[in-house]
Amino acid sequence: MFLADILSTVFERRYRPWGTEKPDDRPMETLVSDLIGATGEVSGVTMARQILSRYEVMVDAEKRDFFRFLATGLAVSASDVRAALELYDKGQSKASYRAFMEAVEPPRQELIRRLNQVPDATRLLVRMREDLLRLSRGDDALQALDLDFRHLFASWFNRGFLVLRPINWESPAQLLEKIIAYEAVHAIDSWDDLRRRLEPKDRRCFAFLHPVMPDEPLIFVEVALTKGIPGSVQHLLAEDRSVIEGEAADTAVFYSISNCQAGLAGISFGNSLIKQVAADLALELPGLKTFVTLSPIPGLTKWLEAEGIGYDPEDDERMRRLAARYLMTAKRKDGLPLDPVARFHLGNGALVHQVHAGADLSAKGQKQSAGVMVNYLYDLKKVTQNHERFASSRDIAASPEIRSLAAAVPEDALAVGA
């Protein structure tokens, strides 16, 4: 056989379309074990494709059994770890350290790596973790398995691999469809609605993408360029609003941030995204002086009801005070804010700046916060300091206005301690 024929055969086996291999009827456990022990690249890729192809057609019960096999059959060996640690403790050499590292890494991590050598496998592995997260509730062994997925994904989706891409009305239709589908804060009702968010001169959208998933946004942010800080999402998204030139704006408003891949839960992109977008916009438009969000407060009414605190959505000042008090004092057992959006922005180094009653008149906005919204301010000179204080002492950075509003609620009117 000529060299060209050999290379052609290898290439065809390495990159052939999904599902075209001859079916392998061996048990899944056998395929997995053989893949982990495979020494040849082509044979390893073939087995990896077989495993992924078979996984794709599994029902939930079969997926759960597959995950349980990985969780129990490919776990760390405690006896091997003890033996390796004893050897390492006697003498810290290259060989003893290698033996220890091999002992503490479960074989299932190597399996996930080998599955990922198949073209487009990363996308499927992200979906596989989405299944695992859904099926592992209440199962300690499966939740331990998820730590291996999360550990590997944290490296594969490191910020250094991500590409920040502007999304506009001229972007590919396939990508625009994903923006509509993944919008998680303010639903996009139509293509016309999407166009109003992307095409005007005072609107921007940016997404993080990964080179191996170029048509799948990982997270995206929608930005409005405005004069002054807005206090109503209805006004911000109104069809008849007046469009301004980007150069005339003094404020960039991050009004919607959506995570797109459920299988990447816990892998943080938002911190890097907001700071990178803010830095890029500051270079493009030097007139921008203020970077804020217009954010929902998804836990407000639930907290009020759980605490037995009466509220009137029509009483704007009362709602603003209650919202400020909630954001400043409602905590989880670990001391972090009860509100998930607050945790995100405060963890990024933002400051609770202003609250606005009647800011979100949608059914969702009324249900989760009685229409109240909040601006988190990103002062690029202080985000690092704010982040460090929040991370080390749970200190919430807030404006004097927010602190005053929170203090204006009498102690005997609340039973704070959610």
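All residue numbers here refer to positions counted from 1 along the written sequence of the relevant chain. At least 70 in pLDDT is required for a residue's local features to be given in this predicted model, at least 80 for side-chain atom pairs to be given and counted, and no such filter applies to totals for whole chains, interfaces and linings, which use all residues. Hydrogens and water molecules were not included; the side-chain quantities draw on all heavy atoms of the structure.

> Hey, could you run me through the layout of surface pockets in this one?
With a probe scaled to a water molecule rolled over the atoms, the places where space remains empty come into view. Definitions used for this entry: grid spacing 1 Å over protein atoms alone; cavity, a set of points where a 1.4 Å probe fits but cannot get out; pocket, an open set with protein on both sides within 12 Å along at least 5 of 7 lines; lining residue, one with an atom within 4 Å of a point. Grid points are joined across faces, edges and corners, and a volume is the space filled by probe spheres set on the points. Here the largest pocket is characterised by a volume of approximately 900 Å³. Taken together, 38 residues line the largest pocket, and the ones lying closest to its centre are I257, N259, P340, V341 and F344. In DSSP terms, a helix is any run of H or I states spanning at least four residues, a strand is any run of E spanning at least two, and both are numbered starting from the N terminus. Those elements that provide at least two residues to the lining of the largest pocket are strand 4 (251-259), helix 13 (270-284), strand 6 (295-296), helix 16 (340-347) and helix 17 (363-369).

> What's the story with the packing of aromatic side chains in this structure? I'm lost.
Here a ring pair, both rings aromatic, is described through the centre-centre distance and the interplanar angle of the planes. Pairs were defined over the aromatic rings of Phe, Tyr and Trp, the Trp ring being its six-membered one, requiring ring centres within 6.5 Å. Orientation was assigned from the angle between planes: stacked under 30 degrees, edge-to-face over 60, tilted for the rest. Considering all chains together, one arrives at 11 aromatic pairs under this definition. Ring geometry for Y55 and F66: centres 5.8 Å apart, planes at 55°, overall tilted. Within this pair, whereas Y55 is found in helix 3 (residues 41-56), its partner F66 is found in helix 4 (residues 60-73), the two being separated by 11 residues in sequence. Taken individually, Y55 and F66 each receive the classification buried, so the pair is uniform in this respect. Ring geometry for F254 and Y378: centres 6.4 Å apart, planes at 75°, overall edge-to-face. Of this pair, F254 sits in strand 4 while Y378 sits in the loop between strand 8 (373-377) and helix 18 (383-393); the two residues are 124 residues apart in sequence, bridging distant segments of the chain. Each residue is placed in one exposure class: buried if its accessible area under a 1.4 Å probe, protein chains only, is under 20% of its type's maximum, exposed if it is over 50%, and partly exposed if it falls in between. Taking the relative accessible area as the measure of exposure, F254 reaches 1% and is therefore buried. Following the ring pairs from residue to residue traces out a cluster consisting of F149, F153, W156 and F157.

> Sorry, what's going on with the pairing of strand 3 (residues 219-226) here?
Successive side chains on a regular strand alternate, one facing one side of the sheet and the next facing the other. In terms of burial, strand 3 is largely enclosed, as eight of its eight residues are buried. The side-chain alternation of strand 3 yields two buried faces, one formed by I219, V221, V223 and L225 and the other by F220, E222, A224 and T226. Only when DSSP finds a minimum of two bridges between them are two strands counted as paired. As paired elements, strand 2 (residues 203-209) and strand 3 share six bridges and run antiparallel to each other. Each bridged residue has a counterpart across the sheet, and for R204 the counterpart in strand 3 is V223.

> Whenever I open this one, helix 18 confuses me. Can you help?
Listed as buried for helix 18 are V383, N386 and F390. All buried residues of helix 18 project into a common sector of 65° when viewed along the axis, lining one side. Residue contacts are counted whenever heavy atoms from the two residues lie within 4.5 Å of one another. Next to the buried residues of helix 18 lie helix 13, helix 16 and strand 7 (351-356). R394 occupies a position one or two residues after helix 18 and carries a positive phi of about 60°. Arc definition: directions from the helix axis to the C-beta atoms.

> Can you walk me through the nonpolar core in this structure?
Nonpolar side chains tend toward joint burial in soluble globular proteins. We define the nonpolar core as a collection of buried residues of types Ala, Val, Leu, Ile, Met, Phe, Trp, Tyr and Cys that are connected through side-chain atoms lying within 4.5 Å of one another. Formed by 95 residues in total, the largest nonpolar core has its most connected members in F66 and F157. Here F157 is in contact with T122, V126, L162, H210, M213, L218, L264, I267 and F269, once residues within four sequence places are set aside.

> When you look at unusual backbone geometry in this model, what are you seeing that I'm missing?
It is generally the case that most residues other than glycine have a negative phi and that most peptide bonds are trans. The phi dihedral of D120 falls on the positive side, at around 70°, and the residue is not glycine. In this structure, D120 sits in the loop between helix 7 (107-115) and helix 8 (121-135). Residues other than glycine seldom take positive phi values, yet A370 does so here, at roughly 55°. Looking at where A370 falls in the secondary structure, it is placed in the loop between helix 17 and strand 8. For A370, a relative accessible area of 5% puts it in the buried group.

> Any chance you could explain the side chain of R197 here in plain terms?
For R197, the position within the fold is in helix 11 (residues 191-198). We call two N or O atoms a polar contact when they sit within 3.5 Å, provided that within protein one can donate a hydrogen and the other can accept it, with sequence-adjacent residues counted only if both atoms are side-chain atoms. Separated by 3.1 Å, the side chains of R197 and E222 make a polar contact. Aside from chain neighbours lying at most four places away, what touches R197 is E183, H186, A187, I188, R203, R204, E222, L237 and Y255.

> Help me understand the packing of helix 10 (residues 173-182) against helix 11 in this model?
Angle between the axes and distance between the axes are the two parameters that describe a pair of packed helices. The axes used here are C-alpha line fits, helices contributing only the stretch in contact, and every angle between their N-to-C directions lies in the interval 0 to 180 degrees. Between helix 10 and helix 11, whose axes approach to 11 Å, the crossing angle comes to 95°. Between helix 10 and helix 11, the angle falls in the class roughly perpendicular. Contact residues: helix 10 offers A173, L176, E177, I179 and I180, while helix 11 offers W191, L194 and L198. Charged residues are taken to be Asp, Glu, Lys and Arg, nonpolar residues to be Ala, Val, Leu, Ile, Met, Phe, Trp, Tyr, Cys and Pro, and polar residues to be all remaining types, Gly included. Among the residues making up the contact of helix 10 with helix 11, the classes are represented as seven nonpolar, no polar and one charged. What sets the label is the angle itself: under 35 degrees gives roughly parallel, over 145 gives roughly antiparallel, 65 to 115 gives roughly perpendicular, and the rest give oblique.

No statement about biological role is implied by the geometric values presented.
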